[in-house]
Amino acid sequence: MTVKCCDQAEDRLLRFAVIIARSGGKWVFCKHRERDTLEIPGGRREPGEDIGWTAVQELREETGAKNFSIRSICAYAVVREREESFGMLYYADIRSFSPELHSEIEQVFLLETLPEDWTYPDIQPALLREAARRGVL
């Protein structure tokens, strides 16, 4: 499996939005109710939905973000054998959170350093490296 990043991809191919988020200088990570690992907020695009809207909705649902700014970084593809899955990577600065979560996320963590136990260890660290390479982080 490899992760490839590019400036853009055909809109119809973009199936996921992943949002690298910070708040007060800390990393924002989520813990899904059914897992013991941490992950960057994000999710699957619904049919007919704008990928930017997907990013905003997933950030709100998974972190409880209320007041935030968000911008796109790049498109990416996760390549497994002969199959490619495309998504769009975003960066968000969260200024305030809702006190309650209304999704499958059990808890939100604000971390000084990146976690060791990732839900998607072959994908999300690569996306963080790409964001750093592009000068976003």
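So, here is what we can say about the structure in this document.

### Considering the state of the cysteines
Here is step 1: This model, assessed by the stated rule, comprises zero disulfides.
Here is step 2: Here cysteine 6 stays unpaired: no disulfide links it, and the sulfur of cysteine 74, its closest cysteine neighbor, is 7.1 Å away.

### Structural notes on the environment of threonine 119
Here is step 1: Following the sequence through the fold, threonine 119 ends up in the loop between strand 7 (105-111) and helix 2 (124-133).
Here is step 2: Given a relative accessible area of 17%, threonine 119 falls into the buried group.
Here is step 3: Here the alpha-carbon distance between threonine 119 and threonine 37, two residues 82 residues apart in the chain, equals 5.1 Å.
Here is step 4: Contact partners of threonine 119, with chain neighbours within four places excluded, come to Arg35, Thr37, Leu38 and Glu39.
Here is step 5: A distance of 3.0 Å separates the side chain of threonine 119 from the side chain of glutamate 39, its partner in a polar contact.

Cut-offs applied
- Residues numbered from 1 in each chain as written.
- Predicted model: local features only at pLDDT ≥ 70, side-chain atom pairs only at ≥ 80, totals over all residues.
- Heavy atoms only, no water.
- Disulfide = S-S within 2.5 Å.
- Helix = DSSP H or I, 4+ residues; strand = E, 2+ residues; numbered from the N terminus.
- Buried < 20%, exposed > 50% of the residue type's maximum accessible area, 1.4 Å probe, protein only.
- Contact = heavy atoms within 4.5 Å.
- Polar contact = N/O pair within 3.5 Å; in protein donor to acceptor, adjacent residues only side chain to side chain.

Coordinates in, geometry out; function isn't part of it.
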